[in-house]
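# Overview (structure and organization)
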Number of protein chains: 2
Amino acid sequence: QSCNQGEADKLNVHIVPHTHDDVGWLKTVDQYYYGANSSIAWAGVQYILDTVVQQLSVDPTRRFIYVEVAFFSRWWREQNTEVQQEVKRLVQEGRLEFILGGWSMNDEAATHYNAIIDQMTLGLRFLNDTFGPCARPRVAWQIDPFGHSREQASLFAQMGFDGLFFGRLDYQDKETREMKLKMEEIWRGSQSLHHPEADLFTGLNENGYNPPAGFCFDAYCKDDPIMDDPTLEDNNVKQKVDDFISAAHKQAKHFRTNHIMMTMGSDFQYSNAKAWFKNLDKLMKYVNSAVRYKNCFFLWSVKSDDFFPYADAPHQFWTGYFTSRPGLKGYVRESNKYLQVCNQLETVAHLRSGMKSNLRTSKSNVLRAAMGVAQHHDAVSGTSKQHVANDYAKRLYIGNHRVAFKTFYNLVKNCLFLQGGRHCKDVISSVITEGSSNLTFCDYMNITLCDFTQNSNRFTAVVYNPLARAVSKYIRIPVDCTPSYIFVVIELVTGARLTTQLVPVSEATESVRRNRGNANCELVFLAKLPALGYNSFSIEKYKSSATNKRLFTPKGKVVNPSDDITISNEFYSVNFNRNSGLMDSIVNIESGIKIPVHQDMLWYNGSMGNNASKQQSGAYIFRPNSSTPFHCSNDGKVKLSVLTGSNPLVQEVYQKFSDWAYQVVRLYKGIKHIEVEWTVGPIPVKDQWGKEVISRYETNIDSNGYFYTDANGREVLERKKNYRPTWKLNQTEPVAGNYYPVNSRIYIRDAHVQLTVLTDRSQGGSSLSSGALELMVHRRLLGEDSKGVAEPLNETGQFGDGLITRGKHWLLLDTVTSSAKQHRLLGEEAFMSPLVPHQADSWFNLDLALFFLIQSFIVNPLPPNIHLLTLATTNSGELLVRLEHQFAKHDDDVLSQPVTVSLKGLIKNFEVKIVDELLLGGNALKNTINRLQW
Amino acid sequence: QSCNQGEADKLNVHIVPHTHDDVGWLKTVDQYYYGANSSIAWAGVQYILDTVVQQLSVDPTRRFIYVEVAFFSRWWREQNTEVQQEVKRLVQEGRLEFILGGWSMNDEAATHYNAIIDQMTLGLRFLNDTFGPCARPRVAWQIDPFGHSREQASLFAQMGFDGLFFGRLDYQDKETREMKLKMEEIWRGSQSLHHPEADLFTGLNENGYNPPAGFCFDAYCKDDPIMDDPTLEDNNVKQKVDDFISAAHKQAKHFRTNHIMMTMGSDFQYSNAKAWFKNLDKLMKYVNSAVRYKNCFFLWSVKSDDFFPYADAPHQFWTGYFTSRPGLKGYVRESNKYLQVCNQLETVAHLRSGMKSNLRTSKSNVLRAAMGVAQHHDAVSGTSKQHVANDYAKRLYIGNHRVAFKTFYNLVKNCLFLQGGRHCKDVISSVITEGSSNLTFCDYMNITLCDFTQNSNRFTAVVYNPLARAVSKYIRIPVDCTPSYIFVVIELVTGARLTTQLVPVSEATESVRRNRGNANCELVFLAKLPALGYNSFSIEKYKSSATNKRLFTPKGKVVNPSDDITISNEFYSVNFNRNSGLMDSIVNIESGIKIPVHQDMLWYNGSMGNNASKQQSGAYIFRPNSSTPFHCSNDGKVKLSVLTGSNPLVQEVYQKFSDWAYQVVRLYKGIKHIEVEWTVGPIPVKDQWGKEVISRYETNIDSNGYFYTDANGREVLERKKNYRPTWKLNQTEPVAGNYYPVNSRIYIRDAHVQLTVLTDRSQGGSSLSSGALELMVHRRLLGEDSKGVAEPLNETGQFGDGLITRGKHWLLLDTVTSSAKQHRLLGEEAFMSPLVPHQADSWFNLDLALFFLIQSFIVNPLPPNIHLLTLATTNSGELLVRLEHQFAKHDDDVLSQPVTVSLKGLIKNFEVKIVDELLLGGNALKNTINRLQW
């Protein structure tokens, strides 16, 4: 109601005062909040909110929009009642309007949809809890992220947003749209949902998110203020008015209606709101009446693809950040799982406690907020300064260790084991306790290090499965496997002794493992896990003797092959060429597909600029110096070795491409995918060449330039080399200009065969020739791409060397029709893999039986096409449940079909009284919201 | 009453929030006001006042001091009644306190006392007119000027200030004072006035005018804010509290009482006042109680010298700015005269008009404000950026041409001539009229150019004498003196034909005169002028013919002498050596004193830094590379020439030291001083050597290291080489460390003889050896002294060459006892020399008689020891008169005596009804003020 509707026959210029407050970038989020560390930038959000609120208060004609709840919530809790009441009044009157309303303005390329939904929920529910429904953001505002995902549009639509505005899109795309009056259109966010459920009105900002040239009135700007005192020098009123009207007319030429928006603000602006408002007041006073205008029609075009990749000029493709900081990207993905587990366990404890009161004191918001911050478009994107990236990781670490892991410990020890509702309450309300947990969560499992497991003779692994369906998972535990020991693994609930296997630790991470423990093997066993529950395994270590000889755990030996190698399980057979050391072919045994698959690790040399453009490769930008990458192996030969022995559970092939690039290819017994574990780093830069490392697969699949990538880990979009669906592309970067974000999967296919690669984190990927597919796994650069972060992307590890990163790709080779059901489920499992804490035997010896009886928190496991996306308890004590059909419309004949699930039998101890369908953000009842119809 | 008195047994820390707003420096005054031209700095004073007032309004515990009325008055007139009422309330409650209250914070080295008083009056009266007596500043605040003058202290005392605070003093002086607890003492500002009339409590700020390290909370600072949210990172409350208490204790050790002041603010700070106040609030909350303290005694020491020169570190003497921008310094001095004339004439018009109403609409405030701005410590000091120096000059030009000269024109034409009070009213209220004045004020008289006089065959010179006593002055008018013309000058009131002489134009300014007119001679005649009035002279030019041969004006010829030269008049004889080309000796004919006087022009090479210190010579700093200057004449020989002929009025000797350094030495008939006109520039810098040009006199006067310089053109202080009266000097710069400001005069003497040099503008000067005396007249530098202005002092003229500057020194050689009466009166005449506009004959032909009858506006001329410092009309329609005894206590046996003057007979048309004695600033009745007694 507070909107100015404008006049029908005039050009209506909507002045939108706003600030863009990065939740960390050049400074950490808290430094930005306070305005600390100001040698980097003064930017202090506390002052923005202080002064904006004050300036709104003194003049009822003033408006402001605010976006980032991570900042707003910090500020809010410092205000006294008087200020809070005033802010409520401003919100009620529509003068302070929240838009977007996420905890942060999340990245769209490197984020998982689960994390996006969570971070939006955190912000939106804060607004709803604080201000009620009147504060619900109607407009999504993604002005700064460097490219835009279709899934994001779909999510926004499902969250009830009426529209989306953003600023960054390909410069060619923008030019075309300006010409064709397509700066506003309808974006169809989903191929599976019924229209208009995922349709979203989308407006592209004329000036990114900045004011027109000459009208920035912030202390950060160099533009002159409106100088209107006739007795002083430099009076510029006429000039300013002329310039403004001219800018308005220029902008209006690109839009279909007689309403245009001017974004009056920018990064961390309005810390001195008076300066902005004073000059805007003067500007509006002097411009006071817009000019007659008639060009006005309302037929909106529709777009179904996305806005990747983003280039702001020739040769300047923002496709490097799809991979930048792979370690942080991996940790964010992992932390997402911890948050989900924390949510699940907090809910279980809540149900068992019988608590009906609100959970506002829950400490889990620390992790929730850390994850919210981590989704920011300079966080998981990898585009912050190094010290800020450290701060993001630290926040996640604190959230994981102080919240998620303690919740787990308290739940298992106090709430479940002791069976007392009273103690469950403790779990919920004070999971941050002093003292250490008796459960050990090892942080260095990725480099096969765990003090606890490698030094204990007897301990229990509590393996928790956060999926709502049962799974079997191979568990690998770092142990000391000197020949004198033998290992026994017993499933506690059945007493069954499990098959085990020992695998020697790879040399790839030796440089960072040094002197940090004596784990020299991984103990492998298969854990059968109940839906949404846990199973416990006792791991016992004995000194070997003649009497226990039959218990000896098989331990393979790594040898250099004398011939080509083939490893196989029930499903796949993978062949390696002894001469090249590379993967050569893959056979899908069931389907009979056998194709050559040539896999290699290579690197592009990051450009330091050339005659065509000064653009360098950097944290944002990917720009290879040449389209032809170099082999990671200096001589083109890869050192190949293989695990020999009985290997009852896993077969492994080892590839050493160089001192800093390793791979293990694995086939597990009974597991229908090929696991490729890559370890890359320290990327050498002594030659002064920045390097961007890729894993490339070359096959004979007739993919013909087409390939497929997921959007935020959910729906999949078709890509075509050197092509954009909505405009004729003038390609300036043959490699970087074909890169797309890969959050969970990328595949190529022809009429029959599909090669799918799933990832454990977000990466950039492409298909640059028919049958080929590549993923960038790591990058280290010495140049700077001049997009603001002002630091080379040159991550170093604990010992000052370049950072080593390890990750996994999972390969599926199958028919096109049977691929989706595999990659959908495998993707879900990869993303919600089991949590494996360990415990000493002592503390729960009292009453093991009671403990073991409780294994699953769910009554009926969910069918495979339904993912339990969210099981959480809200501040008001209600359960927030998100069930997701995880198959797209045409993914699979069977699994893509609708399916019915009973909420009644979902969670134990859960009696359904009322079910309300909410918007996706959880901040409003769905039936109370009428989105605008376009 | 609003002051916090503190507690007796505690250390009381007075937090003083303030901003320091330069009235032009890196940006012009209006750019600073608005925050324009922000590529240099954002600094916007409008926002400072906006946000400070707002922040004071919302919290009654907050205080702020404000200083510069040039800015405040701009801001005030833009505010609506509501804001003005709020500001009045804040002032009334003592929460917004004006201190100093001048139009600007004037420089103390290069300013004349007349201009200081005027600029203070302008500001103080504005405050009084706007807020009444409660706003009267009690404390003078000279935190930034680069050294401090005793005269300034005396003026402040006479203005009723209770105390003075400043920040810049010699670092050795400061160390000594800190140790001796002399950071606060009584400054005795005058040797002539009775104590304590010129005594002033003076406090030296611990941190200049900045906060203690770590406590600057402005956007300009890099210090962290107080971060007190326990849930955020980087909480620093304990650290900040500890640091603050430690800083307070450290500071307290230098002070005698248990009260210390912390200056919380700096240059252009508080543009976002919220940031400062929010953090100060937190700081005070957390520090909340100061620590027990006892060291407390109240015996103040007394100081009688001044704080020149200022050095902030070894080798860093701020003595360059005594001379920097000699052109601007000269124009400021000249404009002071125009302002006084404008004041005088406005008053005459006011009295004749019979107006009793207020003069708030008077346009003369434009000139008054321009002069106020020009006194700023980066204006007349020469330490602003070039574009700002241009702005200062432009403001003066506008003030002079649109106000002073138009006032003169209107007064003479409309008010006096037409005799109508109605028209006098016009003169007062709207002197800025469109169209040109019929009086011509030539701007280029300094280079002997005046289109009007050189092209007119008949015109009138209206010579106005702003002194309240009669004087006779030689007038020099540029004319075309080709042989075929003769000139006749007639004093109109008597019809007498005057003796005239033609003098050829010097070659020194040929490079800037080129193509700008055909004046090739100056026509010289002696004008007898009434006190505070004018005399008119008709100048007629005739073609020469046989019949008017007897009227031929003598025209000397410049020739190179074949022998030594002597020129003489009734009083002096000056000898020049033909070989050296230099002045050799001077004879005072009356007293019989004859001494060798060797005068030369030399230059110091400005240092670019050396091993001892990186300090370079710059706008602020004078640092010669060597103590031995170079001769301006390359070969040490000066080209000498002399004016030969009958020369009835003036004798001249010409010296060409080089292509860029010239001198004329003149003796006028009947005039008891030697005039030395120097013309310097363009100073060559192609050799990459910056040059600082001096005029040096060497005599046999046994001055023994002592010399004497004036303070702001008024009282004189004794100086001694390598010596400071209050501490043992460790001299690091043998030349620059002995330089002092010379505003009007410098002299050396022994028991009998005194050599006095008077200047036409402020310059630096010294006596570096017995009998020697030098003045720096011009400087051009290529380095930068790193004191903030960030530009080399490298002035260029209209044609891109280095600036040429011309000025005058007046020499007196006489007995010590008879010198003062000469230099006091000559100083007054130099400083208030006649104004000489010209007019065509046409427009006042109507009734010449009426016009000529009015010559003097004064009834009884003042005695010579009384100077009419101010004759002005206030906004409320009263006359503001300042009469000044211009002789110091022991200057002269006769003229130093008290003298009585009748106000009744002072000004014509002036009926005295009430006389009130005001404070020197004119802002309060003297008898209503009780200054604090120390």
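Residues numbered from 1 in each chain as written. Chains lettered and ligands numbered in written order. Predicted model: local features only at pLDDT ≥ 70, side-chain atom pairs only at ≥ 80, totals over all residues. Heavy atoms only, no water.

## Section: the interface of chain B and chain A
Between chain B and chain A, the contact holds 46 residues from the first and 45 residues from the second. Of the roughly 3400 Å² buried at the junction of chain B and chain A (both faces included), carbon and sulfur atoms supply 48%. For chain B, the biggest contributors to the area lost against chain A are Y34(B), W42(B) and E233(B); these three give 19% of the whole. Where chain B packs against chain A, one counts six salt bridges. The salt bridge partner of R77(B) is D229(A), with a shortest N-O separation of 3.0 Å. Taken together, the links from chain B to chain A amount to 28 residue pairs in polar contact (both at pLDDT 80 or more). Of all the secondary structure elements, the ones that give two or more residues to the side of chain B that touches chain A are α1 (29-34), α2 (45-58), α3 (69-78), α9 (273-287) and α12 (386-417) of chain B. By residue class, the composition of the side of chain B that touches chain A is 15 nonpolar, twelve polar and 19 charged. (Contact = heavy atoms within 4.5 Å. Buried area = accessible area lost by both parts, 1.4 Å probe. Salt bridge = Lys/Arg side-chain N within 4 Å of Asp/Glu carboxyl O. Polar contact = N/O pair within 3.5 Å; in protein donor to acceptor, adjacent residues only side chain to side chain. Helix = DSSP H or I, 4+ residues; strand = E, 2+ residues; numbered from the N terminus. Nonpolar A, V, L, I, M, F, W, Y, C, P; charged D, E, K, R; others polar.)

## A short note on the state of the cysteines
When the sulfur atoms of two cysteines share a covalent bond, that bond is a disulfide. Applying the stated rule across the entire model yields six disulfides over all chains. One disulfide in the model links C442(A) with C450(A); its S-S distance is 1.9 Å. When its relative accessible area of 2% is taken as the criterion, C450(A) is described as buried. One disulfide in the model links C216(B) with C221(B); its S-S distance is 1.8 Å. Classification of the bridge connecting C216(B) and C221(B) rests on its S-S torsion, roughly 45°, and on that basis the disulfide is right-handed. Since its relative accessible area comes to 7%, C216(B) is described here as buried. Using a relative accessible area of 11% as the deciding quantity, one classes C221(B) as buried. (Disulfide = S-S within 2.5 Å. Buried < 20%, exposed > 50% of the residue type's maximum accessible area, 1.4 Å probe, protein only.)

## Focus: the nonpolar core
Soluble globular proteins tend to bury their nonpolar side chains together. In terms of nonpolar packing, the biggest core is built from 195 residues, with F72(B), M264(B), Y270(B) and F408(B) touching the most fellow members. Here F72(B) is in contact with L49(B), Y66(B), V87(B), F98(B), F126(B) and F131(B), once residues within four sequence places are set aside. Counting residues in each nonpolar core, the second largest holds 193 residues, with V23(A), L26(A), F201(A) and V665(A) among its members. (Core = buried A, V, L, I, M, F, W, Y, C linked by side-chain atoms within 4.5 Å.)

## Considering the pattern of salt bridges
Residue and element names in this part refer to chain B. Considering all chains together, one arrives at 100 salt bridges over all chains under this definition. K656 serves as the salt-bridge partner of E507, at 3.7 Å between the closest nitrogen and oxygen. In this pair, E507 sits in the loop between β15 (501-504) and α15 (510-513) while K656 sits in strand β25 (residues 650-658), placing the two residues 149 residues apart along the sequence.

## Quick word on the sheet that holds strand β6 (residues 184-188) of chain A
All names here are of chain A. Spatially, β4-β5-β7-β6-β9 is the arrangement adopted by the five strands of the open sheet, whose pairing is mixed. For this open sheet the edge positions go to β4 (139-142) and β9 (302-303), each flanked by a neighbour on one side alone. Relative to strand β7 (residues 199-204), strand β5 (residues 163-166) runs parallel, the two being bridged by four bridges. By the bridge assignment, G163 is partnered in β7 with F201. Here helix α6 (residues 150-158) sits on the sheet in contact with β4, β5, β6 and β7, set at roughly 115° to β7. (Pairing = 2+ DSSP bridges. Axes fitted to C-alpha atoms, helices over the stretch in contact; angles between N-to-C directions.)

## Notes on the confidence of the model for chain A
Detailed reading of predicted coordinates is not advised where the pLDDT is low. Residue and element names in this part refer to chain A. Per-residue confidence for chain A gives a mean pLDDT of 90, with 94% of residues at or over 70. Contacts of residues 431-435 to residues separated by more than four positions or lying in other chains number 13 contacts, the stretch itself having pLDDT below 50. On the interface metric, ipTM, the complex scores 0.85, and its pTM is 0.88. (pLDDT = per-residue confidence, 0-100.)

## Quick notes on the packing of α2(B) against α3(B)
Residues and elements named next belong to chain B. Interaxial distance between α2 and α3 falls to 10 Å at its minimum, and their mutual angle equals 70°. Classified by the interaxial angle, the pair formed by α2 and α3 is roughly perpendicular. Every residue of α3 that contacts α2 at V45, Q46, L49, D50 and V53 is listed here: F71, F72 and W75. Tallied by class, residues from the contact of α2 with α3 come to six nonpolar, one polar and one charged. (Parallel < 35°, antiparallel > 145°, perpendicular 65-115°, else oblique.)

## Some points on the environment of D118(A)
Residue and element names in this part refer to chain A. As for its position among the elements, D118 is in helix α5 (residues 113-131). As a C-alpha pair, D118 and E93 span 25 residues in sequence and 28 Å in three-dimensional space. Side-chain polar atoms of D118 contact the side chain of Q340, separated by 2.7 Å.

## Focus: helix α16 (residues 816-831) of chain A
Helix length check: α16(A) (16 residues) gives 23 Å between terminal C-alpha atoms against 22 Å at 1.5 Å per residue, within 8%. Burial analysis of α16(A) places 13 of its 16 residues in the buried class, which makes it a mostly covered element. (Expected span 1.5 Å × (residues − 1).)

## Focus: the relation of the copies chain B and chain A
Mapping chain B onto chain A leaves a residual RMSD of 0.1 Å; the transformation is a rotation of 180° accompanied by 0.1 Å of translation along its axis. On the angle and the small slide along the axis, the relation comes out as a two-fold axis. Rotation axis and chain B: the residue whose C-alpha lies nearest the axis is N272(B), separated from it by 2.6 Å. Interface overlap between copies is the fraction of interface residues in one copy that are interface residues in the other; for chain B against chain A it reaches 98%, indicating a shared surface. (Least-squares fit on C-alpha atoms with pLDDT ≥ 70 in both.)

## Overview of the pairing of strand β26 (residues 661-668) of chain A
Residues and elements named next belong to chain A. The buried count for β26 comes to eight of eight residues, which makes it a mostly enclosed element. Neither face of β26 is open: one carries A661, Q663, V665 and L667, the other Y662, V664, R666 and Y668, and all of them are buried. Taken together, the eight bridges between strand β25 (residues 650-658) and β26 define a ladder with antiparallel strand orientation. Within β26, the position partnered with Y654 by the bridge is V664. Counting the residues that bridge the hairpin from β25 to β26 gives two residues. By the bridge criterion, six bridges tie β26 to strand β27 (residues 674-680) in an arrangement that is antiparallel.

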